[in-house]
Structures are given as C-alpha cells and as structure tokens.
Amino acid sequence: MDSPTSAADSSTARIVARTSMMDSIRACGLSGLAGVRIDKEELRRRLLMPHYLRLAMLDSIRKKDVDAADQHFRLRGSDDAPCPESPIVVFINSRSGGRHGPVLKERLQQLISEEQVFDLQDVKPHEFVRYGLACLEKWANNGDLCAKETRQKIRVVVAGGDGTIGWVLGCLGELHQKDRESVPPVAIIPLGTGNDLSRSFGWGGSFPFAWKSAIKRTLHRATTGPICRLDGWHVVLQMPGTELVDRPHSLKVTEECNLDQTLKIEGDVPDKVNCYEGVFYNYFSIGMDAQVAYGFHHLRNEKPYLAQGPITNKIIYSGYSCTQGWFLTPCISDPSLRELKNILRIYIKRVNCSEWEQIPVPKSVRAIVALNLHNYGSGRNPWGNLKPDYLEKRGFVEAHSDDGLLEIFGLKHGWHASFVMVELISAKHIAQAASIRLEIRGGEWKDAFMQMDGEPWKQPMSKEYSTFVEIKRVPFQSLMISGE
C-alpha cells in the first residue's frame, strides 16, 4: 500500500519545518554562521540605542506613562551615541532554560545594555508596546530623527519557549489593530521544552549554552535575517454557566461571544454563558494529548525541582504519559478514555468557501489537533510531507505556515502517537480548513482537556448544553526573522 508521504523534499522558498530526526539532534539553527567571527564591539555599536532613548523607553514603561520620558529628550546630550544601524530589544523568560536563564540574561545585558533586555517577570510585552514604542512614536512625531529611525528599524528577540513567543507576538499584534506601523519582526532564542516555533523558523530546537559565541551569532542573525510571515489563529470559547477554574495565560475573558451566526446552534442555549478568547500560532488540540500535558504541567508546578531543563522535562513527560491511560486500550470502562466522537462535532469552512460543512470524527481517535506549523511535539511532523497524487486525491494543498489553512489530524492512542512522532507513519488526516468550529457536550464525560501552543486546561462540560470553540485566522500576519 502506497504511503501518502513524499520521499522528495519540496523546493520552496517558504520557511518550513525540518522533518528529519536529525533536527532533534542539531542544537541550534546557526550552523551557517559557524565560520563567521562576530566582533563584540562592532555588534554592540550596531545594536545599542542612544542613552537618552533607552532611559526614555524604560521610564515610560515603568511609570506606564508616555509623557514620563519627556525630560530625557529635553536633556539629550550632544555627545550621545549615534542612531543604531540595527536596534534590538530582548524579552527573556529567565525562568526558562533551567539554570541557564539568569546567566543568559546577564550575558545579553553585557552585550547590548541593561535597558534593552527585559525580563518578563518585570516588564510585560504589552507594556513595551503601549508605552515603550509609543514613547518613540511620540518623539518621532515631534521631530526627533533618532527616535523615528529607531522606531522604524527596531527588531525584537524573544528568549523563551513557544508560549512566551506567542505572548509577545500577540502583544505586537496590537500595533496592527491600531494601525501603528511598523510592526517589529521577531527572532528567537529557544529556551522551552518543545521549541516548535523556533524550529520552524530556523533557530533550532535548543540553545547551545556551551558555545561561547552563540549569543553573539544569534544577535547578529537577528539583525540580518530575512523576514517571513506567520498566520495567527483567533479562538473564541463559549461555555455554559460555570467559569474556567484554571484558565491558561493564553485565554482572556471577553464580554462578547462572536460566534459565526451563519452556522445555527442546534438545541437549547443556556441563559448564561461565559466567553473567552485567545490566539495561537502553532496548534490547538483537544483530547488525550492535552490531558497528558495538563497533568504534566501541574506535576511540574507542584514539584518544580523536577524541571531542570528540556531533556529532563521530555523524559518525565514521556513517563507521565504512560500513567494517564494514553497507552491503554480504548475499550476499557472509563468513559474519559473513549474516542472523541462520543462528545465532539466538527464543522469547517474550506478555503475560499463561505459555507460551513460538518465532517465526521474518525472512530477510535482520542486526540484531535489543528496544526498551523509543520512542527509539533518537539520537532515532529505528524501531518507528513505528502505526495502530490495523495494531496490531489484528498483535496489537500501543500501545507505552509502562512497559507491561511490549518491541518486537522487525529491520534488514536499512545502507540499510534508514538509511531507518528518517530515519523514511521503519518497521523490520521482529517481535513484542511480556513475556519473550524468544535461543539462538545458531556454525556458521561464531566471534563474534556484542551491546549493551545502548549498551554493546557481542563474544560468543564455539561450534559444539557454544548460548549463551542471557534477558530478563525487573524486578519494580519506576524513577522518572523529567519534564523537560517
């Protein structure tokens, strides 16, 4: 029987994920710069903002007031540093990367400046957007040429995992919404466990802390790398009555549930509903994979000494998944381990189509994933590189991170997922969609489990009323810097 996976690599100019197992072994996507010597002082000259600009941005952020920086512009010295060629700010999650996070932060501050490196424990990305960038914009409009040039050229480096990167991208999206151009592109220093966003854009699966020149090479590439585009996906969650007790960072409470009214809701609607919204860039999933992630997340919070780095996390995660029923047969009596078709309906809009279409949930599938990138689960490609004849037969197109489509696939159980993750087989292909609506109702199930970009939560369910999840593409794309 022919495999749907193509043996030939696609010769496309777009940035796609590496599907080879060797990608897991390669430490960082900076091998192309291995023979290039980066001079520390020259790099700093190109990155460093003038002292008055650095202080002005920092004061505006700390005081949450754009006008708080006025004194720095009035007292600007004539001997201040010139406008930088490639201004950069860095957001670092110092809790990521095991023991390396604080060391990396200190090294970055030495290479650039303390004022251009923001620890996310102290400065949130939305504060940078609303006050730091707004400060530059104000004085650019007042005639400060250096503020204007810095605002136009500034780039952002995010040192953290996929969740941290998504957080920063979401906050930069405010610039699109308010027509505040230009939007800074983003480079990555991978400090998380999976680092799938980092892999997808050529920054590697982990950061080589032992390589002394790695930070300089990363900053150099962040200033010179080409710009790529990335789709973001807006999620609206409408649930009856009760609130989410353990809401993830990626979901915010919203007063309005803007579900598509062209798809009618069948059955009764409760008097009270609670609504949440968020954005993801890599994947949304429901089912057993999210349940395992949720349990692991809480285990790590209860026992933080277990989280000593990406490799340790992966070992513990693999062992933990064996305790959650992922590898048990789906015919056992516990209803929480039965297939998703018992509780789930899936509706999609196909590309260039305005009509909703219900698609069947495959039998025995216990996890369903809507994937934007080729990378999932620490660099694996469960969708696979599909042959042209298989794509045509199924009505699919070649998948890219900026094509306005999500790839929907299913995982049956732990053994099936294991074979998918080592790329011996592809996942259960379900559909490609430009929009998705999931409808879940409890029956014997009290809870379902969901996750977005690695942030899992327990979703309460009702026997009488449905919970809805609607996913649509964000109308603007994020800008990413290629590390390749």
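Preceding this section is the structure that the text describes.
Residues numbered from 1 in each chain as written. Predicted model: local features only at pLDDT ≥ 70, side-chain atom pairs only at ≥ 80, totals over all residues. Heavy atoms only, no water.

### A closer look at the sheet that holds strand β6 (residues 233–240)
Thought 1: The strand order β7-β8-β6-β18-β15-β10-β11 describes an open sheet built from seven strands, whose pairing is antiparallel. The two strands at the open ends of the sheet, each matched to only one other strand, are β7 (252–254) and β11 (357–359). For this sheet, the mean inter-axis angle between neighbouring strands, taken without regard to orientation, is 25 degrees.
Thought 2: In this structure, strand β10 (residues 344–349) lies alongside strand β15 (residues 435–440), joined through six bridges in antiparallel fashion. Within the sheet, the bridge partner assigned to Lys 349 lies in β15 and is Ser 435. (Pairing = 2+ DSSP bridges. Helix = DSSP H or I, 4+ residues; strand = E, 2+ residues; numbered from the N terminus. Axes fitted to C-alpha atoms, helices over the stretch in contact; angles between N-to-C directions.)

### A short note on a nonpolar patch on the surface
Thought 1: Taken together, Ile 265, Val 269 and Val 273 make up a surface patch of nonpolar side chains, about 200 Å² in accessible area.
Thought 2: If you trace the backbone, Val 273 turns up in strand β8 (residues 273–280).
Thought 3: By relative accessible area, which is 31% here, Val 273 ends up partly exposed. (Patch = residues over 30% accessible without salt bridge, like charges linked within 9 Å, V, L, I, M, F, W, Y side chains within 5 Å. Areas by Shrake-Rupley, 256 points an atom, 1.4 Å probe, with all protein chains shown as cover. Salt bridge = Lys/Arg side-chain N within 4 Å of Asp/Glu carboxyl O. Buried < 20%, exposed > 50% of the residue type's maximum accessible area, 1.4 Å probe, protein only.)

### Here we look at the sheet that holds strand β12 (residues 367–371)
Strands pair in a sheet through their backbones, by hydrogen bonds, and they do so in one of two ways: parallel or antiparallel.
Thought 1: Ordered in space as β14-β13-β12-β9-β16-β17, the six strands form an open sheet in which the pairing is antiparallel. Lying at the two open borders of the sheet, with one neighbouring strand each, are β14 (428–433) and β17 (455–460). Taking the axes of each pair of neighbouring strands and ignoring which way they run, one obtains an average angle of 20 degrees across the sheet.
Thought 2: As paired strands, strand β13 (residues 406–411) and β14 are joined by five bridges and run antiparallel to one another. The partner of Glu 407 across the bridge, within β14, is Gln 432.

### Let's talk about the environment of Phe 201
Thought 1: Here Phe 201 is to be found in the loop between α9 (196–200) and α10 (214–224).
Thought 2: Distance from Phe 201 to Ala 187, taken between C-alpha atoms, is 8.6 Å for residues 14 residues apart in sequence.

### Remarks on the environment of Glu 470
Thought 1: For Glu 470, the position within the fold is in strand β18 (residues 467–473).
Thought 2: The buried category is assigned to Glu 470, whose relative accessible area is 2%.
Thought 3: Note: C-alpha distance between Glu 470 and Trp 233 (237 residues apart in sequence) is 9.9 Å.
Thought 4: Not counting residues up to four positions away in its chain, the partners in contact with Glu 470 are His 234, Val 235, Val 236, Asn 258, Leu 259, Asp 260, Trp 356, Ile 436 and Arg 437.
Thought 5: A polar side-chain atom of Glu 470 sits 2.8 Å from a polar atom in the side chain of Arg 437. (Contact = heavy atoms within 4.5 Å. Polar contact = N/O pair within 3.5 Å; in protein donor to acceptor, adjacent residues only side chain to side chain.)

### Considerations on the side chain of Asp 260
Thought 1: Structurally, the position occupied by Asp 260 is in the loop between β7 and β8.
Thought 2: Asp 260 sits in the buried class, given a relative accessible area of 10%.
Thought 3: Of the polar contacts made by the side chain of Asp 260, one reaches the side chain of Trp 356; its length is 3.3 Å.
Thought 4: Apart from the residues lying within four places of it in its own chain, the contact partners of Asp 260 are Lys 349, Trp 356, Arg 437, Glu 470 and Lys 472.

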